[in-house]
Amino acid sequence: MRLNVLPKRIYLKDGTEVTDISYIRHNDELYISAGEDFIKPKSMKLSEWITLNVGGKYFTTSRSTLTSKEPTSMLARMFANNEDDYLFIPSNMDSKGAYLIDRSPTYFEPILNYLRSGHLIYDSNVNPEGILQEAKFFGIDSIIPQLENLRVQKKTDVPLTRRDVIDALIKTSYTAELRFQGVNLAGADLSKLDLRNINFKYANMQGCKLTGTNLSWCCFERADLSYTNIDGAQLLGVKGLCANMEGASMKNCNFKDPGGIRSNMEGVNLKFANLEGSDMGGVNLRVATLKNANLQNCDLRAAVLAGADLEKCDLSGSDLHEANLRGANLKDAAFELMLTPLHMSQAIR
């Protein structure tokens, strides 16, 4: 075959491109391209944009995103700018030209966002443990300490259960003070337990079940007991200074100590709470918030309600004999069927 003009590209058997016809020898096998570059020249510029198919979900990102933040990671080695830097061969491609990666897209997305922005961002319904495993798989080392700290925090923030509380009670003498200060007990079922004299200051007890529980002389200062069920509980001498009991169900509770020790609920939040039928004689509810609370048929004899917010509070059928209501907000409060008449001197500002 006589070649006066070289075709677009000619290659030898070993893949060497022939650029000068004088270098062709008599016995050389020649391969002529039909126009496509079936051997990629090293000088060819790689595409800056890359599409990944991760577990069936497509992600499009720049090559620099995958290579610059973590240059020693698996992704960086797969898509390095210089082919000589490849330490891993890119995976197979699907019919759309996206690189196939058989991993979870849910946990890969936070990894990719981290490579883009340098910040760990993920939805609240995504488990950080899964992101940690992906970071280890792809070799994104700089994010691993942050994810491990999240895992430790998550484990330590798990609410205690009924079994945990019972174990603590068994191991502690009834004469010793048991401290649950600042502990997370949210949602725990502590019904019908004897929890007298326990320190629950600052504890999270939101949504707990405390029906029939003996909570006498407990400290609930600034604790969160919102939307708990405390029906029928014993609350003699409790200390609930500024506690949050909004929306709690506290029907038929007993606050009255025969020994004369008064329960101190000063500044407590009892908005929308239901205390119907409770014995609250002598309770200190000074400057408490009882807006929209249900106090029907309660015994509030000698209770201190000075400065309390009783707006729209239902006090129908309650006994307010000698109760101190000075400075209280009684706007739209209900006083029907009271056992004793309410004297103006009790409510003078």
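The protein chain has the name BTB domain-containing protein in an unreviewed UniProt entry, where Cryptolaemus montrouzieri is given as its organism.

### What to know about the overall build of the protein chain
Scanning the protein chain from N- to C-terminus turns up 6 helices and 6 strands. When its helices and strands are written in sequence order, the protein chain yields β-β-β-β-β-α-α-β-α-α-α-α. Scored against the burial criterion, the 349 residues of the protein chain give a buried share of 40%. Taking the contacts inside the protein chain whose residues are at least 6 apart along the sequence as the reference set, 26% of them involve residues at least 24 apart. Carbon together with sulfur atoms contributes 49% to the accessible area of the protein chain, which is approximately 19,100 Å² in total.

### Some thoughts on the pattern of salt bridges
Tallying each qualifying case throughout the model produces 9 salt bridges. Between Glu 134 and Arg 103 there is a salt bridge, with the nearest N and O atoms lying 2.7 Å from each other. Of the two residues, Glu 134 sits in helix α4 (residues 128-138) while Arg 103 sits in the loop between β6 (99-101) and α3 (105-117), which places them 31 residues apart along the sequence. Accessibility expressed as a relative area gives 25% for Arg 103, which makes it partly exposed. Between Glu 266 and Arg 286 there is a salt bridge; the shortest N-O distance is 2.5 Å. With Glu 266 in the segment after α6 (162-171) and Arg 286 in the segment after α6, this pair connects stretches of sequence that are 20 residues apart. The class for Glu 266 is buried, based on a relative accessible area of 18%.

### What to know about the layout of surface pockets
Computed from the structure, the largest pocket encloses a volume of approximately 260 Å³. Lining the largest pocket are 13 residues, and of these Ser 173, Tyr 174, Asp 194, Arg 196 and Asn 197 sit closest to its centre. The residue inventory of the lining of the largest pocket, partitioned by class, reads 8 nonpolar, 3 polar and 2 charged.

### A short note on α4
In an α-helix, one full turn covers 3.6 residues, which means residues spaced three or four apart are oriented alike. When we look at burial in α4, the residues that qualify are Pro 128, Gly 130, Ile 131, Leu 132, Glu 134, Ala 135 and Phe 138. Once α4 ends, the next one or two residues include Gly 139, with phi positive near 75°.

### Digging into the state of the cysteines
Disulfides are covalent bonds that link the sulfur atoms of two cysteine residues. Evaluation of the coordinates by the stated rule reveals 0 disulfides. The thiol of Cys 298 is not disulfide-bonded; the next cysteine sulfur, from Cys 313, is found 8.4 Å away. You can call Cys 298 buried: its relative accessible area is 1%.

### Structural notes on the packing of aromatic side chains
Counted under the stated rule, the structure contains 6 aromatic pairs. Here Phe 59 and Phe 108 contribute two aromatic rings whose centre-to-centre distance is 5.3 Å and whose plane-to-plane angle is 65°, an arrangement assigned as edge-to-face. Placement of Phe 59 in strand β5 (residues 57-62) and of Phe 108 in helix α3 is noted, with a sequence separation of 49 residues between them. Like Phe 108, Phe 59 is buried. Ring plane angle 85° and centroid distance 5.0 Å describe the contact between Phe 137 and Phe 138, whose orientation is recorded as edge-to-face. The exposure class assigned to Phe 137 is partly exposed, which follows from its relative accessible area of 36%. Of the residues examined, Phe 138 reaches a relative accessible area of 1% and is grouped as buried. Positioned above the aromatic ring of Phe 137 is the side chain of Arg 103, whose terminal nitrogen or guanidinium carbon lies 3.7 Å from the ring centre.

### A word on the sheet that holds β6
Within a sheet, adjacent strands bond to each other through the backbone by hydrogen bonds, running parallel or antiparallel. Here we have 3 strands laid out as an open sheet, ordered β5-β4-β6, and mixed in their pairing. One side of each edge strand has no neighbouring strand; the edge strands of this open sheet are β5 and β6. Neighbour-to-neighbour, the strand axes of the sheet open up by a mean angle of 30°, direction not taken into account. Summarising the sheet, strand β4 (residues 49-54) and β5 pair through 6 bridges and their orientation is antiparallel. Pairing of Trp 49 across the sheet is with Ser 62, part of β5. Along the sheet face, α3 touches β4 and β5 and points at about 10° away from the line of β5.

### What about the nonpolar core?
Residues Phe 200, Met 205, Met 250 and Phe 255 are the most contacted members of the largest nonpolar core, which totals 55 residues. Sequence-distant contacts of Phe 255, that is, excluding residues within four places in its chain, are made with Leu 235, Leu 236, Gly 237, Val 238, Met 250, Ser 263, Met 265, Leu 275, Asp 279, Met 280 and Val 283. Phe 79, Phe 108, Leu 112 and Leu 115 belong to the second-largest nonpolar core, a separate cluster that totals 25 residues.

### Focus on the confidence of the model for the protein chain
The predicted model of the protein chain has a mean per-residue pLDDT of 85, with 79% of residues at 70 or higher. A low-confidence stretch, residues 1-7 (pLDDT under 50), is modelled with 8 contacts involving residues beyond four sequence positions or located in other chains. A low-confidence stretch, residues 36-44 stays under pLDDT 50, and its non-local contacts, those more than four residues away or across chains, total 8 contacts.

What counts and how
Residues numbered from 1 in each chain as written. Predicted model: local features only at pLDDT ≥ 70, side-chain atom pairs only at ≥ 80, totals over all residues. Heavy atoms only, no water. Helix = DSSP H or I, 4+ residues; strand = E, 2+ residues; numbered from the N terminus. Buried < 20%, exposed > 50% of the residue type's maximum accessible area, 1.4 Å probe, protein only. Contact = heavy atoms within 4.5 Å. Areas by Shrake-Rupley, 256 points an atom, 1.4 Å probe, with all protein chains shown as cover. Salt bridge = Lys/Arg side-chain N within 4 Å of Asp/Glu carboxyl O. 1 Å grid on protein atoms, 1.4 Å probe; cavity = no way out; pocket = protein on both sides within 12 Å on 5 of 7 lines; lining within 4 Å. Points joined across faces, edges and corners; volume = space filled by probe spheres on them. Nonpolar A, V, L, I, M, F, W, Y, C, P; charged D, E, K, R; others polar. Disulfide = S-S within 2.5 Å. Phe/Tyr/Trp six-rings, centres within 6.5 Å; stacked < 30°, edge-to-face > 60°. Lys NZ or Arg CZ within 6 Å of the ring centre and 35° of its normal. Pairing = 2+ DSSP bridges. Axes fitted to C-alpha atoms, helices over the stretch in contact; angles between N-to-C directions. Core = buried A, V, L, I, M, F, W, Y, C linked by side-chain atoms within 4.5 Å. pLDDT = per-residue confidence, 0-100.

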